[in-house]
Amino acid sequence: MSHLSVATRQGEKGPNVSFEFFPPKNETMDERLWECVRRLEPMAPHFVSVTYGAGGSTRERTHDTVKRIVTDTRLTPAAHLTCVGAPREEVLQTAEDYYEAGVRHIVALRGDAPQDEDYDKPEGRYTNVVDLVSDLRAHRPDLGKVFEISVACYPEPHPDSRGWEQDLAHLKRKQEAGADRAITQFFFEPEVYFEFVDKARAAGITMPLVPGIMLQPNFNGLKKFAKMCGASLPDWLHKLYEGLDDDADTRDLITANVAAELCHKLADGGVEQFHFYTLNRANLALSTCHLLGLKPATAEAA
Ligand code: FAD
C-alpha cells in the first residue's frame with residue numbers, strides 16, 4: 001500500500017466520498033443511525049443516500065429519514081427509489097414527495113421482483129429501471145431537470161445478468177435515459193472494478209462509475225449477501241476473518257483496513273470518488289476515511 005494517503009496524493013480536497021444509510025426499524029436503530037450521521041457529517045460527503053425496502057416496504061421510514069437529513073443536517077441527501085412491480089403513478093408521486101421535502105437526488109433502482117401475483121400483470125407498473133429514469137426526467141420536466149439521478153451497476157454479473165453485452169447495453173440505456181452516475185455493487189479486488197470500467201467505456205458508457213465499498217464486519221452476513229447479489233469473496237478475505245466469529249472488535253479493524261487498502265489501490269488507478277455502504281456504523285466509515293487521510297471539515301470551511 002502506498003504510504004501517501006489518498007487525500008495527500010489528491011491534493012487539498014482529497015477524494016470525494018458519499019455514504020449509504022438504511023432507514024431504522026426501531027428506536028435503538030434510530031439512535032445508531034443518527035449517531036452515525038452526526039459523526040460522519042464533518043467528513044463533508046458529496047451526498048448521503050438512504051435505501052428503500054423492496055416493494056416500497058420502507059417508504060415511510062426512508063422518507064422520514066431523508067426529510068430529517070434535509071431539516072436537521074447540512075448534508076445533501078439522495079433517496080433510493082425502487083420501482084419493479086409498483087404502479088407508475090405511485091412511484092412518481094413518491095419522487096414528487098421527495099422533491100417537496102427538498103430532496104434533489106434520486107438513486108433509481110429496479111429492485112428485486114416481488115413474488116406476489118400482481119407481478120405477472122404489470123400493466124401500469126414498472127418492470128424496468130430505464131423507464132423510471134426516463135419518467136423522472138420527462139414526467140414533470142420542472143422536476144426532471146433538477147433531480148440528480150444515480151443508478152446501480154454491477155462489476156461482477158448480477159444474478160439476472162444475461163451476459164456482459166446485454167448488461168452493458170442495459171447500463172448504457174440507463175445513461176441515455178438520463179442517469180448522471182452509476183454506483184457499483186461492492187467488490188473486493190480492484191481488478192474487478194478496473195476491468196468493468198474498461199468494458200463500460202468501450203461500450204460507450206461515459207458517466208462516472210463510482211465504486212461502492214462495503215463496510216460489513218459480519219463475515220457470515222457478508223457471505224449470504226454476496227451470494228444473493230452475485231459478488232465474489234476472494235479466498236484471502238475468507239482467511240482474514242477465519243476464527244473471528246466471536247471477536248467483533250478485531251473484525252471491525254480488519255474491515256476498515258481492507259476497505260482502506262482497496263480504496264488506495266483504486267486511487268492509484270485514478271479513482272477519486274468512493275461510495276461507502278456504512279450499514280449505519282460510524283466507526284468503520286470514519287476509520288476508513290481517516291486511513292485514506294480524509295480530515296473532518298472545520299466549522300469555518302464547512
Ligand atoms: P438493473 O440494473 O435494471 O438489473 C439488474 C440486472 O439485470 C443487471 O445485470 C442488468 O443488466 C440485468 N437486466 C435487467 N433488465 C435488463 C434488460 N432489459 N436487458 C438486459 N439486461 C437486463 N435494493 C433495494 O431493494 N433497495 C435499495 O435501496 C437498493 N439500493 C441499491 C444501491 C446500489 C448502489 C446497488 C448496487 C444495489 C441496490 N439495491 C437496492 C439492490 C438492487 O435493487 C438489486 O440488485 C436488484 O436486483 C436490481 O436492481 P437494479 O436497479 O440494479 O436493476
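In case you missed it, the structure is sitting above this.
Anyway, here's the lowdown on the structure attached to this text.

Turning our eyes to something else, we now look at the packing of aromatic side chains. Counted by the stated rule, this structure contains 9 aromatic pairs. Between Tyr-99 and Phe-147, the aromatic rings sit 6.1 Å apart at their centres with planes inclined by 85 degrees, giving edge-to-face as the arrangement. Residue Tyr-99 is found in helix H4 (residues 88-100), and its partner Phe-147 is found in the loop between helix H6 (141-146) and strand E5 (148-153); the two are separated by 48 residues along the sequence. Residue Phe-147 is classed as buried on the basis of its relative accessible area of 3%. Between Trp-164 and Phe-196, the aromatic rings sit 6.0 Å apart at their centres with planes inclined by 40 degrees, giving tilted as the arrangement. Within this pair, whereas Trp-164 is found in helix H7 (residues 164-177), its partner Phe-196 is found in helix H8 (residues 190-202), the two being separated by 32 residues in sequence.

Neighbouring the ligand are 25 residues; Tyr-52, Arg-110, Asp-112, Tyr-154 and His-170 lie closest to it. Tyr-154 places a side-chain nitrogen or oxygen 2.6 Å from an oxygen atom of the ligand. The separation between a nitrogen atom of the ligand and a polar side-chain atom of Arg-162 is 3.3 Å. Considered on its own, the ligand offers 950 Å² of accessible surface; in the complex 89% of this is hidden by protein. Only strand E3 (77-82) and H7 provide two or more residues apiece to the shell around the ligand. Of all the elements, H7 adds the most residues to the shell around the ligand, at 5 residues. In terms of residue class, the shell around the ligand is built from 8 nonpolar, 10 polar and 7 charged.

In this structure the tally under the stated criterion is 11 salt bridges. In this structure, Asp-180 engages Arg-137 in a salt bridge whose closest nitrogen and oxygen atoms are separated by 3.0 Å. With Asp-180 in the loop between H7 and strand E6 (181-184) and Arg-137 in helix H5 (residues 129-138), the pair connects residues that are 43 residues apart, well separated along the chain. Taking relative accessible area as the criterion, Asp-180 reaches 32% and is therefore assigned partly exposed. Residue classification places Arg-137 among the partly exposed positions, given a relative accessible area of 22%. The salt bridge involving Glu-148 is made with Arg-181; its shortest N-O contact spans 2.6 Å. Linking Glu-148 in strand E5 with Arg-181 in strand E6, this pair joins segments that are 33 residues apart in sequence. On the basis of relative accessible area, Glu-148 is assigned to the partly exposed category, the value being 26%. Owing to a relative accessible area of 7%, Arg-181 belongs among the buried residues under this scheme. Residues joined in a network through salt bridges with shared partners are Arg-88, Glu-89 and Asp-135.

Here the focus is the environment of Val-37. Positionally, Val-37 belongs in helix H2 (residues 27-40). For the pair formed by Val-37 and Arg-88, sequence separation is 51 residues and the distance between their alpha carbons is 32 Å. What Val-37 contacts, discounting residues up to four positions off in sequence, is Phe-21, Thr-73 and Leu-75.

Attention now goes to the pairing of E5. The buried fraction of E5 amounts to 5 of the 6 residues, a majority that puts the element mostly inside the structure. Looking at chain direction, strand E4 (residues 105-109) and E5 are connected through 4 bridges and run parallel. Looking at the pairing, Ala-108 lines up with Val-151 of E5. Strand direction decides the pairing type here: E5 and E6, joined by 4 bridges, are parallel. Residue pairing for E6: Cys-153 is matched across the bridge by Thr-184. Each parallel crossover has a hand, and the one from E5 via H7 to E6 is right-handed.

The alternating pattern of E6 places Arg-181 and Ile-183 on one face and Ala-182 and Thr-184 on the opposite face, and all of these are buried. Where E6 lies against strand E7 (residues 209-210), 2 bridges are found, and the strand directions are parallel. Counted as the bridge partner of Ile-183 is Val-210 from E7. This β-α-β element, E6 to H8 to E7, shows right-handed connectivity.

Bringing the sheet that holds E3 into the picture now. Backbone hydrogen bonds hold the strands of a sheet together, and the pairing may be parallel or antiparallel. Here 9 strands make up an open sheet; going across it, the order is E7-E6-E5-E4-E3-E2-E1-E9-E8 and the pairing parallel. Taken across any chain shown, the strands that pair with only one partner, and hence form the sheet edges, are E7 and strand E8 (212-214). Taken together, the 3 bridges between E8 and strand E9 (residues 273-277) define a ladder with parallel strand orientation. Bridge pairing in E9 links Ile-213 to Phe-276. Against the sheet, helix H11 (residues 248-268) touches E8 and E9, its axis set at about 155 degrees to E8.

Calculation criteria
- Residues numbered from 1 in each chain as written.
- Predicted model: local features only at pLDDT ≥ 70, side-chain atom pairs only at ≥ 80, totals over all residues.
- Heavy atoms only, no water.
- Phe/Tyr/Trp six-rings, centres within 6.5 Å; stacked < 30°, edge-to-face > 60°.
- Helix = DSSP H or I, 4+ residues; strand = E, 2+ residues; numbered from the N terminus.
- Buried < 20%, exposed > 50% of the residue type's maximum accessible area, 1.4 Å probe, protein only.
- Near = heavy atom within 4 Å.
- Polar contact = N/O pair within 3.5 Å; in protein donor to acceptor, adjacent residues only side chain to side chain.
- Areas by Shrake-Rupley, 256 points an atom, 1.4 Å probe, with all protein chains shown as cover.
- Nonpolar A, V, L, I, M, F, W, Y, C, P; charged D, E, K, R; others polar.
- Salt bridge = Lys/Arg side-chain N within 4 Å of Asp/Glu carboxyl O.
- Contact = heavy atoms within 4.5 Å.
- Pairing = 2+ DSSP bridges.
- Right-handed = clockwise from strand over helix to strand, strands pointing away.
- Axes fitted to C-alpha atoms, helices over the stretch in contact; angles between N-to-C directions.

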